Amino acid sequence: MSNRTISQNEKNLFAGSYEIISLDLFPNQKDSKPIDIRGITNKIVVKESLYNASIGVEIRITDGINLLDNIKIMGNEKIFLGIIQNSGAEEVEKKFIIELHVSSITGFARPKPGLDAYSLICVSKHVYHNQFTILDEHFTGTITNNIKNICSSHLGIKTDHENVSFTTTGLGDINGVYPSLKPIEAIAFQLKAASEYSYFYETIQGLRLKTHQELVKDSPIRPYTTSPYYRQDPMTPENTEEQAEKVLSFSSQLDVSKLRASSKGVYSSRLLYTDISIKDCDYKEYRGFEKDLLNKHGSLSDNIADFSFEDEPESREYMSSINSKAFDKQQNYHQNYQNIPKRESYKNDLEATTVGITVYGNLDQVVGDRIGLLVPPTGLNEPEKDLDDYFTGRYLITDILHVFDQDYTQQLTIRKDSFDRDPDVKRVIIKGGDSEGTTV
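Predicted model, so just to flag it, every value in this text is computed and none were measured. Counting restarts for each chain: residues are numbered from 1 in the order of the written sequence. Restriction of local features to residues with pLDDT of at least 70 applies here, the model being predicted, together with a cutoff of 80 or more for giving and counting side-chain atom pairs; totals for whole chains, interfaces and linings are based on all residues. Each side-chain value is derived from all of the structure's non-hydrogen atoms; neither hydrogens nor water enter the calculation.

**Quick look at the packing of helix α4 (residues 143-154) against helix α5 (residues 183-191)**
Link 1 in the chain: A fitted line through C-alpha atoms represents every axis, and for helices the fit uses only the stretch in contact; the resulting angles, taken between N-to-C directions, go from 0 to 180 degrees. Helix and strand labels come from DSSP, where a helix needs a run of H or I of at least four residues and a strand needs a run of E of at least two; each type is numbered from the N terminus. Two elements in contact, α4 and α5, have axes separated by 10 Å at closest approach and are oriented at 175 degrees. By the criterion of interaxial angle, the relationship of α4 to α5 is roughly antiparallel. Along the contact surface, α4 presents I143, N146, I147, I150, C151 and H154, while α5 presents P183, A186, I187, Q190 and L191.
Link 2 in the chain: Of the residues belonging to the contact of α4 with α5, the class tally is 8 nonpolar, 3 polar and no charged. Note on terminology: angles under 35 degrees are roughly parallel, angles over 145 are roughly antiparallel, angles of 65 to 115 are roughly perpendicular, and the others are oblique. Residues count as neighbours in contact if any of their non-hydrogen atoms are within 4.5 Å of one another. Only Asp, Glu, Lys and Arg are considered charged, only Ala, Val, Leu, Ile, Met, Phe, Trp, Tyr, Cys and Pro nonpolar, and every remaining residue, Gly among them, polar.

**Some words on a nonpolar patch on the surface**
Link 1 in the chain: On the surface, I21, F80 and I97 cluster together into a nonpolar patch covering about 240 Å² of accessible area.
Link 2 in the chain: Of note, F80 is situated in strand β5 (residues 78-85). Without a salt bridge and with relative accessible area above 30%, a residue can belong to a patch; like charges are then joined within 9 Å and nonpolar side chains (Val, Leu, Ile, Met, Phe, Trp, Tyr) within 5 Å. Only the protein chains shown count as cover for residues, with accessible areas throughout obtained via the Shrake-Rupley method and a probe of 1.4 Å. Whenever a carboxyl oxygen of Asp or Glu lies within 4 Å of a side-chain nitrogen of Lys or Arg, that contact is scored as a salt bridge.

**Concerning helix α7 (residues 237-244)**
Link 1 in the chain: When a residue's accessible area, from a 1.4 Å probe over protein chains only, is under 20% of the maximum for its type it is buried; when over 50% it is exposed; and in between it is partly exposed. For α7, the set of buried residues is N239, T240, E242 and Q243. Seen along its axis, α7 keeps its buried residues to an arc of 160 degrees; they face one direction.
Link 2 in the chain: Contact partners of the buried residues in α7: β19 (353-360). The arc in question is the one traced by the directions running from the helix axis out to the C-beta atoms.

**Observations concerning the side chain of D116**
Link 1 in the chain: Along the polypeptide, D116 turns up in strand β7 (residues 115-124).
Link 2 in the chain: Judged by its relative accessible area of 6%, D116 falls in the buried class.
Link 3 in the chain: Within the structure, the side chain of D116 is placed 2.6 Å from the side chain of R110, a separation counted as a polar contact.
Link 4 in the chain: Not counting residues up to four positions away in its chain, the partners in contact with D116 are I61, T62, D63, N66, F108, A109 and R110. Polar contacts, as used here, are pairs of N or O atoms within 3.5 Å; protein pairs need one atom able to donate a hydrogen and one able to accept it. Residues neighboring in sequence count only if both atoms are side-chain atoms.

**Overview of the pattern of salt bridges**
Link 1 in the chain: This model, assessed by the stated rule, comprises 13 salt bridges.
Link 2 in the chain: Two residues, R110 and D116, come together in a salt bridge whose shortest N-O distance is 2.6 Å.
Link 3 in the chain: R110 sits in the exposed class, given a relative accessible area of 53%.
Link 4 in the chain: Two residues, D369 and R222, come together in a salt bridge whose shortest N-O distance is 3.2 Å.

**What about the sheet that holds strand β12 (residues 206-211)?**
Link 1 in the chain: Read from one edge to the other, the open sheet built from 3 strands follows the order β9-β12-β11, with strand pairing classed as mixed. Looking at the sheet topology across the chains shown, the edges are occupied by β9 (164-166) and β11 (198-203). Within this sheet the neighbouring strands show an average axis-to-axis angle of 15 degrees, counted without direction.
Link 2 in the chain: DSSP calls a pair of strands paired once it identifies at least 2 bridges connecting them. Here 3 bridges tie β9 to β12, and the two strands are oriented parallel to one another. Bridge pairing links S165 to R208 in β12.
Link 3 in the chain: The sheet contacts of α4 involve β9, β11 and β12, and relative to β9 the element is tilted by about 155 degrees.

**Let's talk about the nonpolar core**
Link 1 in the chain: Ranked by size, the top nonpolar core spans 30 residues in total, and within it I44, I59, I79, L81, F96 and L120 carry the most contacts.
Link 2 in the chain: Of all the secondary-structure elements, those providing two or more residues to this core are β1 (19-26), β3 (41-49), β4 (56-63), β5, β6 (94-112) and β7.
Link 3 in the chain: A per-element tally of this core places β6 first, with 4 residues.
Link 4 in the chain: Apart from residues lying up to four places away in sequence, I59 is in contact with L23, T41, K43, I44, I79, Y118, S119, L120 and C122. Note on terminology: a nonpolar core comprises buried Ala, Val, Leu, Ile, Met, Phe, Trp, Tyr and Cys residues joined through side-chain atoms within 4.5 Å.

**Observations regarding the environment of K148**
Link 1 in the chain: With respect to the helices and strands, K148 occurs in helix α4.
Link 2 in the chain: Along the backbone, K148 and D160 are 12 residues apart, and their C-alpha atoms lie at a distance of 9.6 Å.
Link 3 in the chain: Residues contacting K148, with those up to four places away along its chain left out, are T159 and F166.

**Quick notes on the sheet that holds strand β15 (residues 268-275)**
Link 1 in the chain: Strand order in the open sheet formed by 3 strands is β16-β15-β18, with mixed pairing between adjacent strands. At either end of the open sheet lies a strand with only one pairing partner, and these are β16 (280-287) and β18 (317-322). The mean angle between the axes of side-by-side strands here comes to 20 degrees, regardless of whether they run parallel or antiparallel.
Link 2 in the chain: Here β15 pairs with β18 via 6 bridges, running parallel. Across the sheet, residue R270 finds its bridge partner in β18, namely E317.
Link 3 in the chain: In the packing of helix α9 (residues 340-349) onto the sheet, the strands contacted are β15, β16 and β18, and the crossing angle to β18 comes to about 135 degrees.

**Some thoughts on a negative patch on the surface**
Link 1 in the chain: On the surface, a cluster of negative charge is made up of D233, E238, E241 and E245.
Link 2 in the chain: Relative to the helices and strands, D233 is located in the loop between β13 (221-225) and α7. Asp and Glu count as negative and Lys and Arg as positive, but His and the ends of the chain are not part of the count. Here the site of a charge means atom NZ of a Lys, CZ of an Arg, CG of an Asp or CD of a Glu.

**Points about the packing of aromatic side chains**
Link 1 in the chain: Each Phe, Tyr or Trp ring (for Trp, its six-membered ring) is paired with any other whose centre lies within 6.5 Å, and the angle between the two planes then decides the class: stacked below 30 degrees, edge-to-face above 60, tilted in between. In the structure shown here, the tally under the stated rule is 19 aromatic pairs.
Link 2 in the chain: Centre to centre, the rings of Y286 and F289 are 6.2 Å apart; their planes meet at 15 degrees, and the pair counts as stacked.
Link 3 in the chain: Taking relative accessible area as the criterion, Y286 reaches 12% and is therefore assigned buried.
Link 4 in the chain: Among the aromatic side chains, those forming a connected cluster through ring pairs are F139, Y178, F189 and Y333.
Link 5 in the chain: The ring centre of Y283 lies 5.3 Å from the NZ or CZ of R270, which sits over that ring. Any Lys NZ or Arg CZ found within 6 Å of a ring centre and within 35 degrees of that ring's normal is scored as a charge over the ring.

**A closer look at the side chain of D417**
Link 1 in the chain: With respect to the helices, strands and loops of the structure, D417 is situated in the loop between β22 (408-416) and β23 (418-419).
Link 2 in the chain: Looking at D417, its side chain comes within polar contact range of the main-chain nitrogen of L294, at 3.1 Å.
Link 3 in the chain: In this structure the side chain of D417 is engaged in a polar contact, spanning 2.8 Å, whose partner is the side chain of S418.
Link 4 in the chain: Not counting residues within four places of it along the chain, the set of residues in contact with D417 comprises H212, D292, L293, L294, N295, G298, S299, D349, L350 and A352.

**Remarks on unusual backbone geometry**
Link 1 in the chain: Phi at K72 is positive, roughly 55 degrees, even though this residue is not glycine.
Link 2 in the chain: In this fold, K72 is placed in the loop between α2 (67-70) and β5.
Link 3 in the chain: A residue is classified by how much of its surface remains accessible, and K72, at 42% relative accessible area, is partly exposed.
Link 4 in the chain: Of note in the backbone geometry, S180 takes a positive phi value of approximately 55 degrees without being a glycine.
Link 5 in the chain: Here S180 shows up in the loop between β10 (173-177) and α5.

So yeah, pure geometry; function would need other evidence.
See below:
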C-alpha cells in the first residue's frame, strides 16, 4: 500500500509518501511468533481527537490466506505498528511507532471466493487498563498531580516518558472522593473542577494534558493555502514543501449562530451557587470575558443593532452545589466553581467557525497544533492580492484522520474562535441606491 512504483529519491520529493516499517500481529496462542501482516493490509486509518483520551486505529485487511481462522483472531491481540516519513528537504526522519491492542473485528465481507475482507479496530494499551479498574478512593492535591497519579497507578502510563507531556499549571488544589469511576472518567471528573479549561488527549506523538490557553498561544503553527497553483518546479525539494502547504479539499457546514452561542454562555452568563453546609444561596453575573484568542478580533461584532450579547447574563445559567465545610482547612472539589462560566465560554466559543480540510500527511502534525489558513476570495487566486476575511486566520486542530492508503493524507477538523481581521472593517463597494460609493 505504501510501495509506489517510483524511486526512493522520487518518494522523498512527494509530500504524501510514507513507508510502513512494521505491522506485526501477536497471536494469543502460546509460543506463537509475531506475524507480519503488511502484505494483506490495504489501508490504515488513525483517528485522534482533542476530546479523546486514546487514539483509534482501523487496519483494513484483505485476507487471502485465511488468517482470521488459522490463528483464531479473537479481538484482544497485540499489534506493533511503525510508520516513517521522509520527504522534501527535511533531513530528520519522522516516525510513528506504537503498541496497540485489538478491541474488535468489524466489517467482514467475502467479495469473492477465497478472499476475506475485514477491519481490525485497535486502541492504545491504557484503554484496556481503564476497562478493568474502578476508582472510589480519596484524592487530594493539584488536579495535574491527581491526573498524573491516575495515569501511573491505574492506566500503566509512565508520566515521565518523553512521549507524555503535561501542563506545568497545577489547575487548582482540590479534595474529594471518586464516585466509582473508571480512570479515564476520573480524569474527566478532575478536569470539570479545574481552574482552566483543559484537555486530556492522545496523539500519534503521545499523551497530552494541556490548557486551552497553552494551545491557543504556544502550540506550533503551520501554514496552508487553498490556492490551487504551484510556483516551484516539479520534482524539487521546494515543490515538495509547496505540496505540503496545499489544501487538497476544503468544506464547512458553517452553521454559524450567535443565538446558539449565546445560549451556551459564550458571551455572558449567570452562576447560581448553593453552599449546603451553611444553607446559603447566591449568584454572580458574568458580562463578557477577557480571553486568549487564536486571532486578533473576537467573533462578535461591535455593531449590534438590537442586542448586546455581552450584557445578557440570563442567556445561560449555571448551577453549582458547594460545601465549604467538607474538609477542615482544605479546598474541596468545588473550589474552582466560579471558573465554570469562563471555562464553558472557552469551550463553546471554539465553535465559531468549523472547517474540514484535507492535506498531505505530516507525522509531526497532531491535534492541539495550530495552523494558519490563507483562503483567496472567490474569483482570485493570488493570496498576496487579497484574502477571504471570513475563513482566513489561525485555527486549532481538534480532530485528525491519518489515512495511509496509496498516499498519506490527513483529514483535519479545524476550529477558530476569532477573526484575523476586524469583522467590523468594511472593504467592498456597494453600488446603487442610497449606499452608492460607500463601503460595507
